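A look at the structure
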Amino acid sequence: MASSITLSSSFLPSQLSNSSRVRFKPYSTSTFKLTSFATKIRASSTAFAETKPTEPVIVEKDVRSSKNILACPICYEPVTLIGATVLSVDSTRGSSLQCSTCKKTYSGKETHLELTVASGSKEYCDAMPLATEFFRTPFMSFLYERGWRQNFVWGGFPGPEKEFELMKDYLKPVLGGNILDASCGSGLFSRLFAKSGLFSLVTALDYSENMLQQCYEFIKQEENFPKENLILVRADIARLPFISGSLDAIHAGAAIHCWPSPSAAVAEVSRVLRPGGVFVATTYILDGHFSFIPFLKPISQRFAQVSGSNFFLSEHELEDVCSACGLVDFTCTRNRRFVMFSATKPS
């Protein structure tokens, strides 16, 4: 049964458990093919992320095994890294990934790995909905963190820092593992995840080349950024290039309403999460006085067909999507139109 929490006017992040010290066991990859590439993991490190100045979250990581997670988006078989020993922000240029099953090769661009199904095609290009193409423009990529995202506060979004504190509570069971920041945009939360040290590997994924380029530029501007903990990937949210059951957590900030088919995307989220893995996301909900508008649901469906962008009318709609795709333990936090929700892959 879904649970819902209404935030107070101060919008303080929820408290973590009394015991903030957790030890995580190494993640086993024995079920993956040995020919797959291995991303570099920092071993036996201790990471700190404070919810309050006097109450740090301490994550002791003793991760000695490799994590093979990337897969061919056509057949979902593991890919082999060519041209580098490990993947990171700095090593993608000149590298490539090859699928041993369908024999397709995926190239590494200057800023990211190209892992769309149509990658490498010379004349064919997928036609995407208006909402998707809008976020692929250089102008939108430049504007996203320079005014666009800040306007979300009018809908109840508390701001990136408070959102990050809230989501850490949902992500407690999987701290120390790997996380996918899906539809990452210009990497606002991808960079926060990487700098927090709470995860062994962060994958920033978006369909927009320009958004990934902007993320790369922001990373270059920061001194001592932990580039070895982050990779940038271009891929379709409805065709995620990851081995089934290989991810510990997936975050999608202000994104699900931009997905052409939320159910297809959440089905992919469910596929790539490991048992016990956590999906946490934020979006808008048009309920309250909006619910009295006649025929709002058919209007919403028609709008989604034309634009490729969705708007949700209730928390139950989000719970329905998660449940239909095999995710359980749905819970959410509300603040006016803003909602942060979470669901888990059954163990």
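In this text, all values refer to a predicted model and were calculated from it rather than measured experimentally. (Residues numbered from 1 in each chain as written. Predicted model: local features only at pLDDT ≥ 70, side-chain atom pairs only at ≥ 80, totals over all residues. Heavy atoms only, no water.)

The strand order across the open sheet built from three strands is β5-β6-β7, with neighbouring strands paired in antiparallel fashion. Looking along the sheet, the strands with just one partner apiece sit at the ends: β5 (79-82) and β7 (105-107). When the angles between neighbouring strand axes are averaged without regard to direction, this sheet yields 25 degrees. In this structure, β5 lies alongside strand β6 (residues 96-99), joined through four bridges in antiparallel fashion. Its bridge partner lying in β6, Leu-81 is registered against Leu-97. (Pairing = 2+ DSSP bridges. Helix = DSSP H or I, 4+ residues; strand = E, 2+ residues; numbered from the N terminus. Axes fitted to C-alpha atoms, helices over the stretch in contact; angles between N-to-C directions.)

Before going further, it helps to spend a moment on the side chain of Arg-191. For Arg-191, the location among the structural elements is in helix α4 (residues 188-196). Among the residues examined, Arg-191 registers a relative accessible area of 8% and is labelled buried. Those residues in contact with Arg-191 that lie beyond four places of it in its chain are Glu-145, Ser-186, Phe-218, Ile-219, Glu-222 and Phe-225. (Buried < 20%, exposed > 50% of the residue type's maximum accessible area, 1.4 Å probe, protein only. Contact = heavy atoms within 4.5 Å.)

At a closest axis distance of 11 Å, the pairing of helix α3 (residues 160-171) and α4 adopts a crossing angle of 60 degrees. Taken as axis vectors, α3 and α4 run oblique relative to one another. Of the two possible hands of crossing, α3 and α4 adopt the one that is right-handed. Within the contact between the two elements, α3 uses Pro-160, Glu-163, Phe-164, Met-167 and Leu-171 and α4 uses Leu-188, Phe-189, Leu-192, Phe-193 and Ser-196. (Parallel < 35°, antiparallel > 145°, perpendicular 65-115°, else oblique. Left-handed = near helix turned anticlockwise from the far one by under 90°.)

It is worth spelling out the pattern of salt bridges at this point. Overall, the coordinates contain 16 salt bridges when judged by the stated rule. In this structure, Arg-136 and Glu-209 form a salt bridge, with 2.7 Å as the shortest nitrogen-oxygen distance. Separated by 73 residues along the polypeptide, Arg-136 in the loop between α1 (130-134) and α2 (138-148) and Glu-209 in helix α5 (residues 209-221) bring together distant segments of the chain. For Glu-163, the salt bridge goes to Arg-149, with nearest N and O atoms at 2.9 Å. Of this pair, Glu-163 sits in helix α3 while Arg-149 sits in the loop between α2 and α3; the two residues are 14 residues apart in sequence, bridging distant segments of the chain. The two residues Glu-163 and Arg-149 agree in class, both being buried. Among the charged side chains, a salt-bridge network with shared partners connects Glu-114, Glu-133, Arg-136, Glu-209 and Arg-234. (Salt bridge = Lys/Arg side-chain N within 4 Å of Asp/Glu carboxyl O.)

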